[in-house]
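# Residue-level structure breakdown
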Amino acid sequence: MMLINSGDKTMSKYDPIVMKDGKRYFYRFSAHQRIQHVVLFSSVLVLAVTGFPLRHVEEAWARPLYDFMGGPEIAPMIHRIAGSVLLVLFVYHTIYWIVGFIRNDLGKLKQENRLTVGSGIKAFFTQEMVPNMKDFRDIIHLWKYLLYFTNRPPRHERMSWREKFDYFAPYWGIPILGPAGAILWWRDEVSHVLPGWILNAAYIMHTDEALLAILFLFFVHWYNVHYAPEKFPAAKVWLTGYLTEDEMIHEHYAHYVQVMIEAGLEDEIKPQHFGGEHYEW
Amino acid sequence: MREYRLFNSILVITAFVLVGAVFSVAEADTEVNCLICHKHRGLSRIDEQGKFRLYYINNEMFESGPHRRNKCHDCHSDKDRFPHDPTVKVDCTQQCHIVEPSGQAKFSHKPIADTLSKSVHGKFDADGNPKKYQEDYPGCKDCHDQPLYRPVSVYKGETKDGVSKRSIGRCRSCHRTGYFAEDFYDHVTSRLRRGRFPMETINVCAKCHQNQEFLKRHELDDAVTTYKETFHGKLIALGSERTADCLDCHVVEGENTHLIESKLVPTSATNKANIGNTCRNSDCHVNASAELSSFQVHVTYERDKYPMQFYMLIFFKALMAIILYFFLALIFFELLRRLFPKFSFIKEKKTSDDTDFEPLSDDADK
């Protein structure tokens, strides 16, 4: 999942383009964001291996995996710790985003004496993770391209609609999974405030949303960053913070052109392609 | 069937000749006498109903079981000659030769049977009339398949399975004769924990309460399958012994486990008036409020009975289907697109406001 912060664009200590061994690399994620991603996927993986044996008790792998994770005494504790870490990360990331938004976007507007309610709201809706009309046009465009009705793939900005979807998946998943998990965890205490049948609701929310999240991660997100032929076995941006030129051209062509022009490299802009080339590792 | 009967007769005759050769008196009175035949693993026959019957007694298992101080004849009292007369079913409520130490009366399971008959599992209703499908209601042996002792030892603050010689040493220092100390130790310590593993308890109930024909006949919900969907059921399936099995909720705390009552009976553990306290019993949800018990354990996801669960399930399944099918289709077509990257029904040309765009060409691929 992508962690995006527009603030890093303006305040960045990272060069937008880095040359290494004669190849161009394009800045994408700061170290701060990469660490958040590591915490995010570690806690999600731990939650999955300590949670899914319970969801699929009847499967042959459930008991061995659960025993490996500590069995009925230890595994729930690990699950709760990982869940707490994920919730803390959720809150932390939200604060991180709000601070970045106020400091960079609103701060810039204030400096330029243009800060009004209207411009503030506009700044919010032009945040790069916020879906916009271009995303809907891009979805239709992509389907046109995939079904061979055009030879021109969509050209995405810095954040494509798929990455926005990836980003908001945990942003709707955690508010469903987290409170439901907390209710199941603190069931005795919760029963003084809420009726017992709330546990029935929390149970369905927790297990079914977890399955959706894991299937989405396993099939869709891992396709985006692992299984896709040009990514296999794994994309490196989560470690390096930089995209290769081919990845930029394939996934963010509009952004690629903009960055190249800003760097004064108009003449070296390469034509667009769609997964037609193999990337070098 | 004819062949089975023939085989059966041959088997009995062979056994008779074998035993007859050793003992002239055909009486199965002592342990030794019974085991002469019943120690043989193959001792079996097909009965008149065509059912396979095994008559083998594993003496090692018997000797470590709770009935080891009983003689065969204590329970199988009709077996007084050889070859045996047609079998009379063992009556668990008869008095056996063991004296119950606290009252000095001969021991019998009759009080337990009386409790059972008062419970929801009794064969007669409150007015003494036989219930419908009376033969479906359980007797002792439908639930009790003679569990072995599961003694525990506590020594140096550690609880372990089995008998610790050091623990039993204290008993042996006074009770030296025979196996009294061992028997008593097993008897007491195996009751320090539940007689069965929780999973065994659930399987016992499942014999009827997960049997679809039975459920239909008695118009009951599938209590076992629905229970296995709960965290209680799931944790037990993963080896926990600390969460609630059937008996924990369906027996009033401290009451005889044989007294399971319908939730309509005012004294039942699952009656509306009591269920709050059943959840809050001293070993479980102590800190909870009585409201916790409005949690629904046996959820069948039927629309009429459990509308909230039904609609939530539909919502999440639909959400999952829409999102996953959309993206899986996208991935499928994307991989397919890569097979023919240059093909297109409609070729778009470069436009004037589109200066930086170049369609895929042979050059671009190089």
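Data block above holds the structure.
A brief report on the enclosed structure follows. Everything quoted here is computed from the prediction, not taken from an experiment.

Those residues of helix α8 (residues 180–190) of chain B lying buried are Ala181, Asp183, Tyr185, Asp186, Thr189 and Ser190 of chain B. Tucked into the core, α8 of chain B has its buried residues touching β3 (152–155) and α7 (165–172) of chain B.

Moving on to the packing of aromatic side chains. Applying the stated criterion to the full structure yields 32 aromatic pairs over all chains. Taken together, a centroid distance of 6.3 Å and an interplanar angle of 75° make the contact between Phe168 of chain A and Tyr171 of chain A edge-to-face. Placement of the pair is Phe168 of chain A and Tyr171 of chain A together in helix α7 (residues 161–185), with a separation of 3 residues, close to one helical turn. Judged by relative accessible area, Phe168 of chain A falls into the partly exposed class, the value being 29%. On the basis of relative accessible area, Tyr171 of chain A is assigned to the partly exposed category, the value being 23%. Note that Arg217 of chain B overlies the ring of Tyr133 of chain B, its terminal NZ or CZ placed 5.7 Å from the centroid.

Take Asp208 of chain A: it is sitting in helix α9 (residues 197–227). Once residues lying within four places of it in the same chain are set aside, the contact partners of Asp208 of chain A are Arg55 of chain A together with Leu313, Phe316, Lys317 and Met320 of chain B.

Within the element layout of this structure, Ser160 of chain A appears in the loop between α6 (133–146) and α7. Sequence-distant contacts of Ser160 of chain A, defined by excluding residues within four places in its chain, comprise Asp135, Glu251 and His252 of chain A.

Here we take up helix α9 (residues 198–209) of chain B. Residue and element names in this part refer to chain B. Here α9 contains 12 residues, and its C-alpha end-to-end distance of 16 Å stays within 8% of the 16 Å for a straight helix at 1.5 Å per residue. When we look at burial in α9, the residues that qualify are Pro198, Thr201, Ile202, Val204 and Ala206. Here the buried face of α9 lies against α6 (140–143), α11 (223–228), α12 (231–237) and α13 (246–250).

The two faces of the sheet receive side chains in turn, since in a regular strand these alternate between them. Residue and element names in this part refer to chain B. In this sheet, strand β4 (residues 158–161) lies alongside β3 in antiparallel orientation, the contact comprising 4 bridges. The residue of β4 that forms the bridge with Tyr155 is Glu158. The loop that links β3 with its antiparallel partner β4 comprises 2 residues; one of these, Lys156, has a positive phi angle of about 55°.

This brings us to the interface of chain B and chain A. At the junction of the two partners, chain B supplies 60 residues and chain A supplies 63 residues. Both sides of the chain B and chain A interface together cover about 6,000 Å² of buried area, and 66% of this is carbon and sulfur. Three residues, Leu238, Arg337 and Arg338 of chain B, lead the burial of chain B against chain A; their summed loss comes to 13% of the area buried on that side. Remark: the boundary between chain B and chain A carries 4 salt bridges. Note that Asp208 of chain A and Lys317 of chain B form a salt bridge whose closest N and O atoms lie 3.6 Å from each other. Counting every contact that joins chain B to chain A gives 22 residue pairs in polar contact (both at pLDDT 80 or more). Within the residue set of the side of chain B that touches chain A, elements represented by two or more residues are α12, α15 (307–339) and α16 (362–365) of chain B. In terms of residue count, α15 of chain B provides more of the side of chain B that touches chain A than any other element does, 22 residues in total.

Negative phi is the rule for most residues except glycine; trans is the rule for most peptide bonds. The amide bond that connects Phe232 of chain A to the next residue, Pro233 of chain A, takes the cis arrangement and shows omega of 0°. Note on placement: Pro233 of chain A falls in the loop between α9 and α10 (237–240). Although it is not a glycine, Tyr148 of chain A adopts a positive phi angle of roughly 65°. On the secondary structure map, Tyr148 of chain A appears in the loop between α6 and α7. Here the phi dihedral of Glu219 of chain B falls at roughly 55°; this positive angle occurs in a residue that is not glycine. In this fold, Glu219 of chain B is placed in the loop between α10 (212–218) and α11.

What counts as what
- Position numbers for residues start from 1 in each chain and track the written sequence from start to end.
- Going through the entries in the order they are written, you letter the chains from A and number the ligands from 1.
- Confidence filtering applies because this is a predicted model: local features only for residues at pLDDT of at least 70, side-chain atom pairs given and counted only at 80 or more, and all residues used for totals across whole chains, interfaces and linings.
- Side-chain measures were taken over the full set of non-hydrogen atoms in the model, leaving aside hydrogen atoms and water.
- Buried means the residue's accessible area, taken with a 1.4 Å probe over protein chains only, is under 20% of the maximum for its type, while exposed means over 50%, and partly exposed covers the values in between.
- A run of H or I in DSSP counts as a helix once it spans at least four residues, and a run of E counts as a strand once it spans at least two, with each numbered from the N terminus.
- Throughout, a residue-residue contact means that at least one pair of heavy atoms, one from each residue, lies within 4.5 Å.
- Working definition: rings of Phe, Tyr and Trp (its six-membered ring) pair if their centres are within 6.5 Å, and the pair is stacked with planes under 30 degrees apart, edge-to-face with planes over 60 apart, and tilted otherwise.
- We count a charge as sitting over a ring when the NZ of a lysine or the CZ of an arginine lies within 6 Å of the ring centre and within 35 degrees of the ring normal.
- To estimate how far a helix should reach, multiply one less than its number of residues by 1.5 Å.
- Paired strands, in this sense, are two strands between which DSSP finds at least two bridges.
- We define buried area as the total accessible area lost by two parts upon association, computed with a 1.4 Å probe and summed across both.
- A pairing counts as a salt bridge when a side-chain nitrogen of Lys or Arg comes within 4 Å of a carboxyl oxygen of Asp or Glu.
- Any N or O atom pair separated by 3.5 Å or less is treated as a polar contact, with the protein-specific requirement of one donor-capable and one acceptor-capable atom, and with residues adjacent in sequence counted only for side-chain atom pairs.

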